[in-house]
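Chain by chain, the residues run as shown.
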Amino acid sequence: MSDPENERSVIRAGRDFEQAYRLDASEAGEFLIAIGEQLRDGDELTIVEDEWELPFSFGEPVELEIDFEGMGEPSLELEVELPGRTDEQAPGVE
């Protein structure tokens, strides 16, 4: 029997969700490696936390943006945008 208090909320389409984390570089690297492996090996990815789960079926092309600001306090921003995959098919032609 499952315990309702220990079940994760599943974040589905039709809902906006955002969560920010401040991690050390090692933790961020491990997270990025795990994401990279899911991107490389399939077309679905699932991100989980104690209280929530975010499954996502992605399509192509994946957009990668690199933003370097070298003035003042230098910073590097990496952004990956995954388009959602649709299971729709084109209509037939007769």
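What comes next is a walk through the structure. (Residues numbered from 1 in each chain as written. Predicted model: local features only at pLDDT ≥ 70, side-chain atom pairs only at ≥ 80, totals over all residues. Heavy atoms only, no water.)

## Focus: the sheet that holds strand β1 (residues 9-10)
Where strands meet in a sheet, backbone hydrogen bonds hold them as pairs that are either parallel or antiparallel. Defined as follows: The pairing criterion for strands is at least two bridges between them, as found by DSSP. In this text, helices come from DSSP runs of H or I with a minimum length of four residues, and strands from runs of E with a minimum of two, each type numbered from the N-terminal end.
The strand order across the open sheet formed by three strands is β1-β3-β2, and the pairing between neighbours is mixed. In this open sheet, the two edge strands, each paired with only one partner strand, are β1 and β2 (44-48). In this sheet, strand β3 (residues 52-57) lies alongside β1 in parallel orientation, the contact comprising two bridges. Of the residues in β3, the one forming a bridge with Val10 is Glu53.

## Details of the pairing of β3
Looking at chain direction, β2 and β3 are connected through five bridges and run antiparallel. Within β3, the residue paired with Ile47 across the bridge is Leu54. Where β2 folds back onto β3 in an antiparallel hairpin, the turn is made up of three residues.

## As for the pattern of salt bridges
Quick note on the threshold: Here, a salt bridge means any side-chain nitrogen of Lys or Arg that lies within 4 Å of a carboxyl oxygen of Asp or Glu. Note on exposure labels: buried denotes an accessible area under 20% of the residue type's maximum, exposed denotes more than 50%, and partly exposed covers the range between, all computed with a 1.4 Å probe on protein chains only.
By the definition in use, this model includes four salt bridges. Salt-bridge contacts for Arg8 lead to Glu53; the nearest nitrogen and oxygen are separated by 4.0 Å. In this pair, Arg8 sits in the segment before β1 while Glu53 sits in strand β3, placing the two residues 45 residues apart along the sequence. Take Glu53: its relative accessible area is 24%, and that puts it in the partly exposed class. A salt bridge links Arg40 to Asp41; the nearest nitrogen and oxygen atoms lie 2.7 Å apart. Each member of the pair, Arg40 together with Asp41, is exposed.

## Re a negative patch on the surface
Put simply, the rule is: Residues enter patches when their relative accessible area tops 30% and they take part in no salt bridge; the joining distance is 9 Å for like charges and 5 Å for the nonpolar side chains Val, Leu, Ile, Met, Phe, Trp and Tyr. The Shrake-Rupley method, run with a 1.4 Å probe, gives the accessible areas here. Residue values count only the displayed protein chains as cover. Note on charges: Lys and Arg go in the positive column, Asp and Glu in the negative column, and His and the chain ends are not counted at all. All charge positions are set by atom: Lys at NZ, Arg at CZ, Asp at CG, Glu at CD.
Among the surface-exposed residues, Glu63, Glu65, Glu69, Glu77, Glu79 and Glu81 lie close enough to one another that they form a single negatively charged patch. Counting only elements with at least two residues in the negative patch, the list comes to β4 (63-69) and β5 (75-81). Along the polypeptide, Glu79 turns up in strand β5. Glu79 sits in the partly exposed class, given a relative accessible area of 32%.

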